[in-house]
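Chain and residue survey
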Amino acid sequence: MRLERVHFLAHGAARPEELPEEGWREVALPHQWSLEGLEAEVGWYRLALPEGGPRRFLRSFGDYYQEAWVGGTYLGRHEGYFFPWLLELPPGRELLLRVSAPKEPLGVWPRFKRQIKGVFGQHDCRPGGTTERGQERGTGGLWGGVEVFFREGVALLGLTHRLHPQPGGWRLLVRLLVDAPRAFREPLRLRLLPENFPGEALERELFLEGEAGRAWREVVWDLPGMPLWEVWERGFPHLFRLEAEVLGARLSAPLGFRTVELDGEGWLLLNGRRLFLRGTNIIPTQWLSAYTEDLAQRDVALLKEANLNAVRVHAHVTHPAFYRACDREGVLVWQDFPLQWGYAADEAFAGEALRQVRAMVEHLGAHPSLYLWCAQNEPTHNRHLLGPLLAAELRAQDPTRPAKEASDFREHPYPGWYWGHYRDFLALPGAPLPSEFGAQALPRAELLRRVLGEAAWPPRWEVYAYHNFQPHETFRVAGVEVGGSLEEFVENSQAYQARLLEFAIHAYRRGKGRVVGYFQFMFVEPWEGITWAVVDVERVPKRGYHALKESSSPVLISLVPYRERMEVGGPPLQEAWLISDLERPLSLRVHLFLEGPQDLSLYEEEVALAPGEARRFFSLGELWESPLEVQARFLPLEEALRKLPPGVYRLVGEAWEGERLWSRQEVALEYLSPLLPGGVAW
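Residues numbered from 1 in each chain as written. Predicted model: local features only at pLDDT ≥ 70, side-chain atom pairs only at ≥ 80, totals over all residues. Heavy atoms only, no water.

Moving on, we come to the overall build of the protein. Secondary structure assignment for the protein yields 12 helices and 35 strands. For the protein, whose C-alpha radius of gyration is 28 Å, the value lies close to the compact-globule estimate of 26 Å for 682 residues. Principal axes of the C-alpha set define a box for the protein whose edges measure 100 × 65 × 40 Å. Here the protein holds 682 residues, and the buried ones make up 59% of them. For the protein, the proportion of contacts with a sequence separation of at least 24, taken over those separated by at least 6, is 71%. (Helix = DSSP H or I, 4+ residues; strand = E, 2+ residues; numbered from the N terminus. Rg over C-alpha atoms; globule rule 2.2 N^0.38 Å. Buried < 20%, exposed > 50% of the residue type's maximum accessible area, 1.4 Å probe, protein only. Contact = heavy atoms within 4.5 Å.)

Turning our eyes to something else, we now look at the nonpolar core. One finds Phe-322, Leu-332, Phe-337, Tyr-371, Leu-390 and Phe-523 to be the most contacted residues of the largest nonpolar core, which totals 111 residues. With 10 residues, helix H8 (residues 486-510) is the single largest residue contributor to this core. Not counting residues up to four positions away in its chain, the partners in contact with Leu-332 are Trp-229, Leu-268, Leu-270, Leu-275, Leu-277, Asn-309, Ala-310, Val-311, Ser-369 and Tyr-371. (Core = buried A, V, L, I, M, F, W, Y, C linked by side-chain atoms within 4.5 Å.)

Here we come to unusual backbone geometry. Of note, the amide linkage connecting Leu-29 to Pro-30 takes the cis form, showing an omega dihedral of 0°. With respect to the secondary-structure elements, Pro-30 resides in the loop between strand S3 (25-28) and strand S4 (31-32). Cis geometry marks the peptide bond from Gly-53 to Pro-54, where omega comes out at 10°. Checked against the element boundaries, Pro-54 lands in the loop between strand S5 (42-48) and strand S6 (55-63). Phi angles above zero are rare outside glycine, and Asn-307 is one such case at about 65°. By the secondary structure assignment, Asn-307 is in the loop between helix H1 (293-305) and strand S23 (310-313). Exposure remark for Asn-307: the relative accessible area of 16% places this residue in the buried category. Unusually for a residue other than glycine, Ala-315 sits at a positive phi of about 55°. Mapped onto the fold, Ala-315 is located in the loop between S23 and helix H2 (320-329). The class of Ala-315 is buried, set by a relative accessible area of 0%.

Shown next, in the form of structure tokens:
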């Protein structure tokens, strides 16, 4: 049974006898005390325990250390926030849980951290960012709640699996965590049930046996060919529920029949077929206790609406609801281990990281949406010490998925934000799989006024900085103007983010082959911050969301203008591309035209596109080199361009399949009066 209400006291006592009698108050689980405005590092929970047996266990999710007492007897200590503490409870009516999430002292923090919390420990998207206030509003508490359950002598505590294809079907390695006081041989019942589609259940009965103690036990179940789990854009994510029952105790785990691997060019092969990854990074929230199934479903719906087929859970393990939603909806997950930047270099930390890597595989490995493990994000001095060790362990624990040593700075290009200009994306930095790129953008003005109060306008920059705003990058690199009002500042900021994302993603899409996918940074704001997210903390899209959505269409038209400003008569277009991520051939009606002081149709043709093809269907350079009879087709267009009135125009491209508009792109350009008589010649 799940415990819904407990008593809580924020107090730094080390042992129960140091606690006061007064001051306890009832709180609802799950619970994180910073959401109540408390800056405590230690919180105590007093739980009334239900009776039952013959064996009684606790399953709790807490951040970051937990210690437990029943009747004055100390039961032990747990380290790690994202996987459960499974603890057998002795007789007694009351449990005391001490949960601590201490701030790491300067000198340890930020380069030699010891708590494996990733973005929840240090990040530029949490309260205070990378400043000395960056550990404020911490994540301590029982974020996932507490469950007390009862078992027979041979106790079933955990269930996961590994799936291997074989000729004509699948071999399923079922892994069961069993706690037994003696050697045992007990009946085991397995069931496989369709979860999100109609179908028949499969059952298998066999025996589970092992020695005394707590350990993972394994049985093999051979299965026939099954409906596949697929990404949403090219099939249905057939999801099953695997159930295991021992002595009346039943556990379940998700299961989807699919294979994932990387080929020699870096492409993801899902079910043996290449998939171009259109993705983003996500930190859904800074406080997991406030995240719900409904929020997870809403976030994944927004991902799909943005035409994304993959998401990277960035430098942390997030709420279980998010993985469940990705399983159901057919969205692939790149999963980071919770290491962000620098950590301790000693043997003790390496050993603890290895223990928690194993726990991550056990905790998340059943999810079919999860396709890749990654050991570290942007490591510093640990890059070539810790990364290879953890990646090797990930591969050993889960040979069914690829594992990366790190997502490092080489694949995190930020032209137009930290350096250079966004036009530098033409060089395809971070290829073949850029896993972070983007720019900050302010959320809407109404939200900023509500969150920042009087500091919103005129801006008090120290308050903006606490909320993650980066002034140097905004003003000196991106060249964003503050403007004369908060609304104007928001508009300028969001317009720049949208422009950069459109430019970058179009460049990567045109480079398909040299590029095998992309992961924009990032999707939603995890708190009331000013970040790289394209959706604010209340799930209201910024302009960057629409740029991400349009640029990530499975079928994309991409225009490269000749110039942004030119004399009347100049060619508006340098190149035009069509890119398809679909597995079928396409016949597309392409229309290119100018809208402005005078509208003008430029090009209208049927273009055939092979499955998965990226094709340049127009090139000004090739036109100049073409036979005269081909060039003659464009002479009336050249004459019409010379007659255009000067002004601001939109170069528009549309790609239609029948009545379906797959993609539309608009590019702003300006025609100027000729400086010399006669205008310009192509």
